[in-house]
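A closer look at the structure
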Amino acid sequence: MTRWFITGTDTEVGKTVASGALLQAASAAGLRTAGYKPVASGCDITPAGIRNSDALALQRYSSLELRYEQVNPLAFVEPTSPHIISAEEGRPIEFATLSAGLRALEQQAEWVLVEGAGGWFTPLSETQTYADWVEAEQLPVILVVGVKLGCINHAMLTAEAVKARGLRLAGWIANDIQPPGKRHAEYMASLRQRIDAPFLGEIPYLSSEAQQAECGRYLTLPQ
């Protein structure tokens, strides 16, 4: 059983697209896969309950049939930093809850992908961040870089922060969150030169959900 943690250089850089692609690739390799989004803010109120679109995507791309609550145990409606809305609602984000959900998936799957929220240091409480939980769990990290102006600095800072925790940066993914611009090739060359971790692939700019459903072919699985 292998476990991975997906983080991004920022929010809205395509962590879920990359997570879905990795789950597709792992399922195609014959692995029993499960996606896990422990904490999600920015959810919709539906007849079935509070639902997050990212968590639903992870549920859809998992090869195991999972209940929504198994994929996303902590869901908040307002799209804001988790530590703010959890304090306001009186629903603390406990590491024990995050870990219990992960243990349950580990009992069923042989390949578990955990998607974070926002960037590496997203706060989960007044005193703890997502990075603290990942360090406690000793999860190898995969970095998603949204390719745009400023991404080189953000990628280097995040990679250094991950390694400063003594964690393994198992790989990084370039996600074209906008149509490639004039300097795209130079950005990619700079990222490949400066990120000291395996390059798992580049997901091209995808304008539809149907295209995202077939993007596993762009990536190689981390080792």
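Throughout this description, residue numbers start from 1 for each chain and increase along the sequence as written. Confidence filtering applies because this is a predicted model: local features only for residues at pLDDT of at least 70, side-chain atom pairs given and counted only at 80 or more, and all residues used for totals across whole chains, interfaces and linings. Hydrogens are left out, water is left out, and the side-chain values use all remaining heavy atoms of the structure.

As annotated in an unreviewed UniProt entry, the chain is ATP-dependent dethiobiotin synthetase BioD from Candidatus Pantoea formicae. According to its UniProt record, the chain has this under Function (unreviewed entry): "Catalyzes a mechanistically unusual reaction, the ATP-dependent insertion of CO2 between the N7 and N8 nitrogen atoms of 7,8-diaminopelargonic acid (DAPA, also called 7,8-diammoniononanoate) to form a ureido ring." Under Subcellular location (unreviewed entry), UniProt gives the following word-for-word description of the chain: "Cytoplasm". UniProt positions are given in the numbering used here, feature names are shortened, and annotations may be inferred rather than shown by experiment.

Across a sheet, strands are paired by hydrogen bonds formed along the backbone, either parallel or antiparallel in direction. Pairing is parallel in the open sheet, where six strands are placed in the order 2-7-1-8-9-10. On the outer flanks of this sheet lie strand 2 (33–36) and strand 10 (199–203), each paired with one strand and no other. For this sheet the average axis-to-axis angle between neighbouring strands, irrespective of direction, equals 20 degrees. Here four bridges tie strand 9 (residues 169–175) to strand 10, and the two strands are oriented parallel to one another. In the sheet register, Trp 172 faces strand 10, and the bridge partner there is Phe 199. Across the face of the sheet, helix 7 (residues 151–164) comes into contact with strand 1 (2–8), strand 8 (141–146) and strand 9 while running at roughly 170 degrees to strand 8. Note on pairing: two strands pair once DSSP finds at least 2 bridges between them. Comment: elements are numbered from the N terminus, with helices defined as DSSP H or I runs of at least four residues and strands as E runs of at least two. To get an axis, fit a line to the C-alpha atoms, keeping to the stretch in contact for a helix; angles then go from 0 to 180 degrees between the N-to-C directions. When checking whether two residues touch, look at their non-hydrogen atoms; a contact exists if any pair is within 4.5 Å.

The next point concerns unusual backbone geometry. Positive phi values are uncommon outside glycine, yet Glu 12 reaches one of about 60 degrees. The residue Glu 12 is located in the loop between strand 1 and helix 1 (15–28) in this model. Residue burial is assigned from relative accessible area. The probe radius is 1.4 Å, only protein chains are included, and a residue is buried under 20% of its type maximum, exposed over 50%, and partly exposed in between. By relative accessible area, Glu 12 is classed as exposed at 67%. The residue Gln 138 is not glycine, and still its phi comes out positive at about 55 degrees. Note that Gln 138 resides in the loop between helix 6 (130–137) and strand 8. Judged by its relative accessible area of 48%, Gln 138 falls in the partly exposed class.

Only one rule defines a salt bridge in this text: a Lys or Arg side-chain nitrogen within 4 Å of an Asp or Glu carboxyl oxygen. Evaluation of the coordinates by the stated rule reveals 14 salt bridges. In this structure, the salt-bridge partner of Arg 32 is Glu 110, at a minimum N-O distance of 3.6 Å. One end of the pair, Arg 32, is in the loop between helix 1 and strand 2; the other, Glu 110, is in the loop between helix 5 (95–106) and strand 7 (111–119), and 78 residues separate them in sequence. Residue Glu 110 is classed as partly exposed on the basis of its relative accessible area, which comes to 26%. Among the salt bridges present, the one from Arg 91 reaches Glu 89, with a minimum N-O distance of 2.9 Å. We classify Glu 89 as partly exposed; its relative accessible area is 37%.

Put simply, a patch holds well-exposed residues, over 30% relative accessible area, that have no salt bridge, with like charges counted together within 9 Å and Val, Leu, Ile, Met, Phe, Trp or Tyr side chains within 5 Å. The method behind every accessible area is Shrake-Rupley, applied with a 1.4 Å probe, and residues are considered shielded solely by the protein chains displayed. There is a patch of nonpolar side chains on the surface, built from Ile 45, Ile 50 and Val 77 and spanning about 250 Å² of accessible area. Within the element layout of this structure, Ile 50 appears in strand 5 (residues 49–51).

Quick look at the pairing of strand 1 now. By the criterion of burial, strand 1 is predominantly enclosed, with six of the seven residues buried. The pairing of strand 1 with strand 7 spans six bridges and is classified as parallel. Bridge pairing in strand 7 places Trp 4 opposite Leu 113. The sheet contact formed by strand 1 and strand 8 spans four bridges and is parallel. Within the sheet, the bridge partner assigned to Ile 6 lies in strand 8 and is Ile 142.

Residues annotated in UniProt with the feature "binding site: substrate" (unreviewed entry) correspond here to Ser 41. Setting aside residues no more than four positions away along its own chain, Ser 41 makes contact with Asn 52, Phe 76, Glu 78, Pro 79, Thr 80 and Pro 82. Counting of polar contacts relies on pairs of N or O atoms within 3.5 Å, with two restrictions inside protein: one atom must be capable of donating a hydrogen and the other of accepting it, and residues adjacent in sequence are counted only when both atoms are side-chain atoms. Side-chain polar atoms of Ser 41 contact the backbone oxygen of Thr 80, separated by 2.7 Å.

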